[in-house]
Amino acid sequence: MLRERVSEDIYVFTSEVYAQVTAGIIATPDGAIVVDTLPFPGESRQVAAFAAHVSPGGARYVVLTHYHADHAYGAYLFPKADLVAHQRARRLLAEVGAPALKAAQAEAPELEEVRLRLPDITFEGGDMGLQLGGKVVRLIHAPGHTDDMVMVYAEDAHVLFASDTLMPVPSVVDGDVDALRASLRFIDELQVENLVEGHGEVILRGEVSEVVQASIKYLDCIETRVAKVVEAGKGREPLRKITVEQCGLSRIPLGGLVQQIHMANLFALYNRMLAAQGRAA
Ligand SMILES: [Zn+2]
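Residues numbered from 1 in each chain as written. Predicted model: local features only at pLDDT ≥ 70, side-chain atom pairs only at ≥ 80, totals over all residues. Heavy atoms only, no water.

1. A word on the coordination of the zinc ion
Then, in step 1: Surrounding the zinc ion are the protein donor atoms His66 (NE2), His68 (ND1), His145 (NE2) and Asp164 (OD), which sit 2.2 Å from the metal.
Then, in step 2: Between the donor residues of the zinc ion, the gaps in sequence give the motif H-x1-H-x76-H-x18-D.
Then, in step 3: Judged by its relative accessible area of 16%, histidine 68 is buried. (Donors = N, O, S within 2.8 Å, 3.2 Å for Na, K, Ca; no water. Buried < 20%, exposed > 50% of the residue type's maximum accessible area, 1.4 Å probe, protein only.)

Okay, structure coming up:
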């Protein structure tokens, strides 16, 4: 696990085990606010230990940005902290997360000890403020990657944990393209000093707008190209010829995962467009 300090009291952790997934700590004199956990217990334990090192009493809150396994599996390792998420995360964790964990445990013995935790505190609607030790943190509902997505904005330091709303390539397989575009536009309106992606690197102020615009362009591009394949009516095979580079992004980050996510996006969009026309996928 890599650790980086992005402002006086804010730390970012990046997994060295799985897909460069990130977690964060906002340290305060009254305890730490942890943003997401890491998928495997070993790394999440290190985050918990570091929270105790930088804040008296350790983690007070753990915010889950969304229900996906790679962000949520470590929550049980913070038993004294309240778990905070969007209302929709509760249902998704129970209905989708729980059976998925069982399947994952059958494949990966390291996950055997993982216990899925449901949120203690949830909110509905646009946003919720969280105050601790003189710090104000805003939880912003930002659907698109998933329906329950929450971004975490540390207002004093202008650090945004964008989670999977911003990744080296957007992922819409479990989400909605229009909603994601709207959430990306919202990021562009914030005054962000540092932006923490859900996977990959921390983006600095001068680059945020460019990265956000590249994600929006990518979404426009895959929609246009997949629509053409649907119109041609020759099946889904031509999707394989649409490259991530043609839509303005690179396949290099995340060690091969970008290409997988890109292909999954194309097939998901294709199926949705066919379904919208009343044709079988
Ligand atoms: Zn995700």
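After that view, the rundown keeps rolling.
2. A closer look at the sheet that holds strand E9 (residues 135-141)
Then, in step 1: Read from one edge to the other, the open sheet built from six strands follows the order E8-E9-E10-E11-E12-E13, with strand pairing classed as mixed. Each having just a single partner strand, strand E8 (127-132) and strand E13 (202-204) make up the two edges of the open sheet. Averaged over neighbouring strand pairs, the angle between their axes works out to 20° when direction is ignored.
Then, in step 2: Both E9 and strand E10 (residues 150-154) contribute to a ladder of five bridges, which runs antiparallel. Bridging from a neighbouring strand, valine 137 pairs with alanine 154 of E10. (Pairing = 2+ DSSP bridges. Helix = DSSP H or I, 4+ residues; strand = E, 2+ residues; numbered from the N terminus. Axes fitted to C-alpha atoms, helices over the stretch in contact; angles between N-to-C directions.)

3. Quick look at the pairing of strand E1 (residues 2-7)
Then, in step 1: Two strands pair when backbone bridges link them, and E1 and strand E2 (residues 10-14) are joined in this way by five bridges, in the antiparallel orientation. The partner of serine 7 across the bridge, within E2, is isoleucine 10.
Then, in step 2: Where E1 folds back onto E2 in an antiparallel hairpin, the turn is made up of two residues.

4. Section: empty space enclosed by the protein
Then, in step 1: Per the stated rule, a full pass over the model turns up one cavity of 30 Å³ or more.
Then, in step 2: In this structure, the largest cavity occupies an estimated 50 Å³ of space.
Then, in step 3: Every residue along the wall of the largest cavity is listed here: Thr22, Ala23, Gly24, Val35, Asp36, Thr65, His71, Phe161, Ser163, Val196, Glu197 and Gly198.
Then, in step 4: Counting only elements with at least two residues in the lining of the largest cavity, the list comes to strand E3 (22-28), strand E11 (159-163) and strand E12 (194-197).
Then, in step 5: When residues of the lining of the largest cavity are assigned to their parent elements, the largest contribution, three residues, is made by E3.
Then, in step 6: Here the lining of the largest cavity is composed, by residue class, of four nonpolar, six polar and two charged. (1 Å grid on protein atoms, 1.4 Å probe; cavity = no way out; pocket = protein on both sides within 12 Å on 5 of 7 lines; lining within 4 Å. Points joined across faces, edges and corners; volume = space filled by probe spheres on them. Nonpolar A, V, L, I, M, F, W, Y, C, P; charged D, E, K, R; others polar.)

5. Some thoughts on the packing of helix H5 (residues 205-232) against helix H6 (residues 257-276)
Then, in step 1: In the contact formed by H5 and H6, the axes pass within 9 Å of each other and the chain directions differ by 55°. Judged on the interaxial angle alone, H6 and H5 are oblique. Regarding H5 and H6, the two cross each other, and that crossing is right-handed. Of the residues in H6, those in contact with Tyr218, Ile222, Glu223, Val226, Ala227, Val229 and Val230 of H5 are His262, Asn265, Leu266, Leu269, Tyr270, Met273 and Leu274. (Parallel < 35°, antiparallel > 145°, perpendicular 65-115°, else oblique. Left-handed = near helix turned anticlockwise from the far one by under 90°. Contact = heavy atoms within 4.5 Å.)

6. Things to note about the layout of surface pockets
Then, in step 1: Each pocket or cavity is described by its volume, and for the largest pocket that value is around 610 Å³.
Then, in step 2: Around the largest pocket sit 27 residues that line it, and Tyr18, His68, Ala69, Asp70 and His199 are the ones nearest its centre.
Then, in step 3: Secondary structure elements with two or more residues in the lining of the largest pocket: helix H2 (69-72), helix H3 (87-107) and H6.
Then, in step 4: Element by element, the count of residues in the lining of the largest pocket is highest for H3, at five residues.
Then, in step 5: In terms of residue class, the lining of the largest pocket is made up of 18 nonpolar, six polar and three charged.
Then, in step 6: The space that makes up the second largest pocket amounts to roughly 330 Å³.

7. Observations concerning the state of the cysteines
Then, in step 1: For the structure on display, the rule yields one disulfide.
Then, in step 2: Two residues, cysteine 221 and cysteine 247, share a disulfide whose sulfurs are 2.1 Å apart. One quick way to see it: the torsion about the S-S bond of cysteine 221 and cysteine 247 is about -65°, and its sign makes the bridge left-handed. Highlighted residues: cysteine 221 in helix H5 and cysteine 247 in the loop between H5 and H6, separated in sequence by 26 residues. (Disulfide = S-S within 2.5 Å.)

8. A closer look at the packing of helix H4 (residues 177-189) against H5
Then, in step 1: At their nearest, the axes of H4 and H5 sit 9 Å apart, and the two run at 165° to each other. It follows from the interaxial angle that H4 and H5 lie roughly antiparallel. Judged by the twist between their axes, the crossing of H4 over H5 is left-handed. Contacts from Val177, Asp178, Leu180, Arg181, Leu184, Arg185, Ile187 and Asp188 of H4 reach H5 at Val208, Ser209, Val212, Gln213, Ser215, Ile216, Leu219, Asp220 and Glu223.
Then, in step 2: Among the residues making up the contact of H4 with H5, the classes are represented as eight nonpolar, three polar and six charged.

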